[in-house]
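Each chain, written out:
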Amino acid sequence: MLVLLAGIFVVHIATVIMLFVCTIANVWVVSNAGNASVGLWNNCTNTFCNGTLLYADEDALKTVQAFMILSIIFSAISLLVFVFQLFTMEKGNRFFLSGATMLVCWLCVLVGVSIYTNRYANSYKTYYRSEDHHGYSYILAWICFCFSFIIGVLYLVLRKK
């Protein structure tokens, strides 16, 4: 049981870090030449990043930014609640609060990345070149989507023994 708790804890910390990295990094769409990338906050060319995005004023991009930030917040809160419950909860109880908070994080990632996929994932290709591909931030966001769901469900099922 202790090994399971430690494994979940490590995966949860990795999820928080990956959410932070994928939200901050400007590598959601990358050119195949490797000299340009687009993120949630900036366009980057070579080593220079400017604050002008093609869709900077659109509400959809601001929604994606907000939901990705909310996912980081809820994931961190869930981690703190888990640690708190680990030391204060009676034996035999379940980690409902930490699981529910992690599932809210999962929903935030789902909404943010789904809106980005629908509105922007292929739109940049029409403005740049069709051979552009998704960057590691976009892929990390979908990995965090999977991890946050698994962690949330495990917290709901897990009992403290």
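Rules behind the numbers
- Residues numbered from 1 in each chain as written.
- Predicted model: local features only at pLDDT ≥ 70, side-chain atom pairs only at ≥ 80, totals over all residues.
- Heavy atoms only, no water.
- Core = buried A, V, L, I, M, F, W, Y, C linked by side-chain atoms within 4.5 Å.
- Buried < 20%, exposed > 50% of the residue type's maximum accessible area, 1.4 Å probe, protein only.
- Helix = DSSP H or I, 4+ residues; strand = E, 2+ residues; numbered from the N terminus.
- Expected span 1.5 Å × (residues − 1).
- Contact = heavy atoms within 4.5 Å.
- Axes fitted to C-alpha atoms, helices over the stretch in contact; angles between N-to-C directions.
- Parallel < 35°, antiparallel > 145°, perpendicular 65-115°, else oblique.
- Left-handed = near helix turned anticlockwise from the far one by under 90°.
- Nonpolar A, V, L, I, M, F, W, Y, C, P; charged D, E, K, R; others polar.
- Pairing = 2+ DSSP bridges.

Asker: I keep staring at the nonpolar core and nothing clicks. Help me out?
Answerer: General note: in soluble globular proteins, nonpolar side chains tend to be found buried as a group. Core analysis: the largest hydrophobic core is formed by 36 residues, its most contacted members being Leu19, Trp28, Met68 and Tyr116. Where this core is concerned, the elements lending two or more residues are α1 (2-24), α2 (59-88), α3 (96-119) and α5 (136-157).

Asker: Whenever I open this one, α1 confuses me. Can you help?
Answerer: Counting along an α-helix, one turn takes 3.6 residues, and residues three or four places apart therefore face a common direction. Compared with an ideal rise of 1.5 Å per residue, which puts 23 residues at 33 Å, α1 spans 33 Å between its outermost C-alpha atoms and is within 8% of the ideal. Looking at α1, one finds that the buried residues are Leu5, Ile8, His12, Thr15, Val16, Met18, Leu19, Cys22 and Thr23. Close packing links the buried residues of α1 with α2, α3 and α5.

Asker: Help me understand the packing of α2 against α3 in this model?
Answerer: Two measures define how a pair of helices packs: the angle their axes make with one another and the distance between the axes. Two elements in contact, α2 and α3, have axes separated by 8 Å at closest approach and are oriented at 160 degrees. With respect to α3, the element α2 is oriented roughly antiparallel. Here α2 runs over α3; the crossing is left-handed. Looking at the contact of α2 with α3, its residues break down into 19 nonpolar, eight polar and one charged.

Asker: What is the right way to read the sheet that holds strand β5 (residues 133-134) from this model?
Answerer: Each strand in a sheet pairs with another by means of backbone hydrogen bonds, the pair being arranged parallel or else antiparallel. With antiparallel pairing, five strands are arranged side by side in an open sheet as β4-β3-β2-β1-β5. A single partner strand is all that each edge strand has here, and the edge strands are β4 (48-50) and β5.

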